[in-house]
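Take a look at the letters that make up each chain.
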Amino acid sequence: MSETAVLHIDGGTFELPILRGSENEVAVDISKLRQEAGVITMDPGYGNTGSCRSAITFIDGERGVLRYRGIPIEQLAERSNFLEAAWLLMYSRLPTREELDEFTTHITYHTMVHEDVKRFFAGFPKDAHPMAITGAVVGALATFYPDSMEVSNDREMEIATHRLIAKVPTIAACSYKHSIGQPFMHPINRLDYAANFLHMMFATPAEDYEVDPLLARTMDLILLLHADHEQNCSASTVRMVGSSRANLFSAVSAGVHALWGPLHGGANQAVIEMLGQIRDSGDDGKAFLQKVKDKQTGVRLMGFGHRVYKNFDPRATILKKACFEVLERLKLDNPLLDIAVQLEEVALADEYFIERKLYPNVDFYSGIILQAIGVPVPMFPTLFTIGRLPGWIAQWSEMIHDPDTKIARPRQVYVGETERRYVPIEERPG
Ligand code: ACO
């Protein structure tokens, strides 16, 4: 028996179908509401709006659950790696050994960028933000691969996705090398994905560079933890641009720009800046927390709280452990980690944070690890971009193959002037 919700409006009664997801999420289907009742719904920020049915990622924010294609993030973090998780997200099940080997070979094959792509970099100012460069160059890939424009050609699109996953780390590393005036390093395809990225970032032609396996594994973990997070701002942007059937490079480029925003991919930078300010002021964090609790100051504890997670963010738990491992192994004594731990301890015992269900999110510890690896702060969102790519691709592909997909085109409630006459300039009041 199908379930319905009933809406009474302007003397009319309208039945709205109810949809249930596989984890019992309930949604009221309002897709025919305007047609049948002449009204629309209003939901700024889309906090209560489902834009699609999706089988990719499940989050239960109340219980701190995150699963890619049904598999808990903890199990993937422990036993999988970034490329396998990418395959899982894109093809909806775990690969066989042959499938994973073949995928890894394809990605490895495409790691170099066309020599002419490198000429773009010369045109960017030295202090250009790596995200601005990455977004621009990813969009420009469309000019190099005109064979990848037809979004209904599954084989061409598969090649385009391989090109993106393979080339974005190369582009990101070039954007960093450009900013510090060092020569671009070619990828070394015998290295694994994360190690190759570290090589392109930190090696120079003048000296030997050995990638530290622990740092490569940690980088791989960070990428895996960021690989998808269902209908977030950048994934929704990729879907929205793609819904016009624009090419995949353009849709992903738009995703990069959405991710750049400080409310999305830029939060771990804000955490590092906050911890630095606390350190410089000589505070152990307690005075800072008083400021946070005083609403007049407008100060927030960065890296705490999440729109979806109202328990803990499972990615933060995994990264906190990795953070200790890396700093201990590198024998780094980072005062920012001590401050972070102290802040977390005090905040989790404080009524203000308990009442509001505020817990550390993925950004609270990721910046400290990235700093320990040697990644400069402006590169933080670029790393997030590399990690999120498989999620964007999976979301885009699901959207393209979904028979319910229409061009995304929200409505509005117009609150401007009603009709009025055009007044010639000489008749207008001075
Ligand atoms: N520090 C202090 N107070 C906070 C914080 C925080 N970090 N986060 C939320 N609150 C308070 C709010 O002031 C509000 O209090 P009130 O009820 O007394 O008015 C209450 O908690 C609810 O906060 P909202 O802003 O309504 O929660 P929302 O879900 O909209 O915001 C967000 C989530 C944006 C992540 C918020 O918690 C925040 O700003 N955190 C800090 C920034 C951050 O770490 N962002 C990264 C998120 S993870 C990611 O994007 C990958």
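In what follows, the accompanying structure is described. (Residues numbered from 1 in each chain as written. Predicted model: local features only at pLDDT ≥ 70, side-chain atom pairs only at ≥ 80, totals over all residues. Heavy atoms only, no water.)

Here we come to the site of the ligand. Taken together, 19 residues lie around the ligand, and Lys295, Arg300, Leu301, Gly303 and Tyr352 are the ones closest in. The backbone of Leu301 places a nitrogen or oxygen atom 2.7 Å from a nitrogen atom of the ligand. The side chain of Arg356 places a nitrogen or oxygen atom 3.0 Å from an oxygen atom of the ligand. Relative to its free-state accessible area of 930 Å², the ligand is covered by the protein chains to the extent of 70%. Residue composition of the shell around the ligand, by class: eight nonpolar, five polar and six charged. (Near = heavy atom within 4 Å. Polar contact = N/O pair within 3.5 Å; in protein donor to acceptor, adjacent residues only side chain to side chain. Areas by Shrake-Rupley, 256 points an atom, 1.4 Å probe, with all protein chains shown as cover. Nonpolar A, V, L, I, M, F, W, Y, C, P; charged D, E, K, R; others polar.)

This part is about the sheet that holds strand β3 (residues 26-28). The strand order across the open sheet formed by three strands is β1-β2-β3, and the pairing between neighbours is antiparallel. If you trace the sheet from one side to the other, it starts and ends with β1 (4-9) and β3, each paired once. Between one strand axis and the next, the sheet turns by 30° as a mean value, whatever way the strands run. Judged from the three bridges that link them, strand β2 (residues 12-20) and β3 form a sheet pairing that is antiparallel. Looking at β3, one finds that Arg20 is bridged to Val26. (Pairing = 2+ DSSP bridges. Helix = DSSP H or I, 4+ residues; strand = E, 2+ residues; numbered from the N terminus. Axes fitted to C-alpha atoms, helices over the stretch in contact; angles between N-to-C directions.)

All right, on to the pattern of salt bridges then. Under the criterion given, the structure shown has 17 salt bridges. For the salt bridge of Glu3 with Arg20, the shortest nitrogen-to-oxygen distance reads 2.8 Å. In this pair, Glu3 sits in the segment before β1 while Arg20 sits in strand β2, placing the two residues 17 residues apart along the sequence. Residue classification places Glu3 among the partly exposed positions, given a relative accessible area of 37%. By relative accessible area, Arg20 is classed as partly exposed at 47%. A salt bridge links Asp60 to Arg63; its shortest N-O distance comes to 2.8 Å. Given a relative accessible area of 17%, Asp60 falls into the buried group. (Salt bridge = Lys/Arg side-chain N within 4 Å of Asp/Glu carboxyl O. Buried < 20%, exposed > 50% of the residue type's maximum accessible area, 1.4 Å probe, protein only.)

Time to look at the pairing of strand β4 (residues 57-60). Side chains Thr57 and Ile59 of β4 all project onto a buried face; the interleaved residues Phe58 and Asp60 project onto the opposite face, where all are buried too. Pairing geometry for β4 and strand β5 (residues 65-68), over four bridges, is antiparallel. Along β5, the bridge assignment pairs Thr57 with Tyr68. Taking the residues that link successive antiparallel strands as the turn, the β4-β5 hairpin has four residues, and the phi of Gly64 there is positive, at about 65°.

Taken as a whole and judged by the stated rule, the model has 11 aromatic pairs. Summarising the aromatic geometry, the rings of Trp87 and Tyr91 are spaced 4.5 Å apart at their centres and angled 35° between planes, so their arrangement reads as tilted. A residue pair is termed a helical-turn pair when its members lie 3 or 4 positions apart in one helix, as Trp87 and Tyr91 do in helix α3 (residues 82-91) at four residues. Three or more aromatic residues joined by ring pairs make a cluster, and in this case those are Phe304, Tyr352, Phe353, Phe364 and Tyr365. Cation over ring: Arg356 sits above Tyr352, and NZ or CZ is 3.9 Å from the ring centre. (Phe/Tyr/Trp six-rings, centres within 6.5 Å; stacked < 30°, edge-to-face > 60°. Lys NZ or Arg CZ within 6 Å of the ring centre and 35° of its normal.)

Turning our eyes to something else, we now look at the environment of Val241. With respect to the helices, strands and loops of the structure, Val241 is situated in helix α10 (residues 233-242). As for Val241 and Arg420, which are separated by 179 residues in sequence, their C-alpha atoms are 35 Å apart. Beyond its immediate chain neighbours, meaning those up to four positions away, Val241 contacts Ala246, Ser250, Ala251 and Ala254. (Contact = heavy atoms within 4.5 Å.)

Glancing now at the packing of helix α4 (residues 97-109) against helix α7 (residues 154-180). Two elements in contact, α4 and α7, have axes separated by 8 Å at closest approach and are oriented at 65°. Taken as a pair, α4 and α7 cross one another with a handedness that is right-handed. Residues Phe103, His106 and Ile107 of α4 touch α7, and the partners they reach there are His162, Ile165 and Ala166. Looking at the contact of α4 with α7 residue by residue, the class counts come to four nonpolar, two polar and no charged. (Left-handed = near helix turned anticlockwise from the far one by under 90°.)

The strand order across the open sheet formed by three strands is β4-β5-β6, and the pairing between neighbours is antiparallel. Unpaired on one side and paired on the other, β4 and β6 (71-72) mark the two borders of the sheet. Looking at chain direction, β5 and β6 are connected through two bridges and run antiparallel. The residue of β6 that forms the bridge with Tyr68 is Ile71.

None of this, on its own, says anything about what the molecule does.
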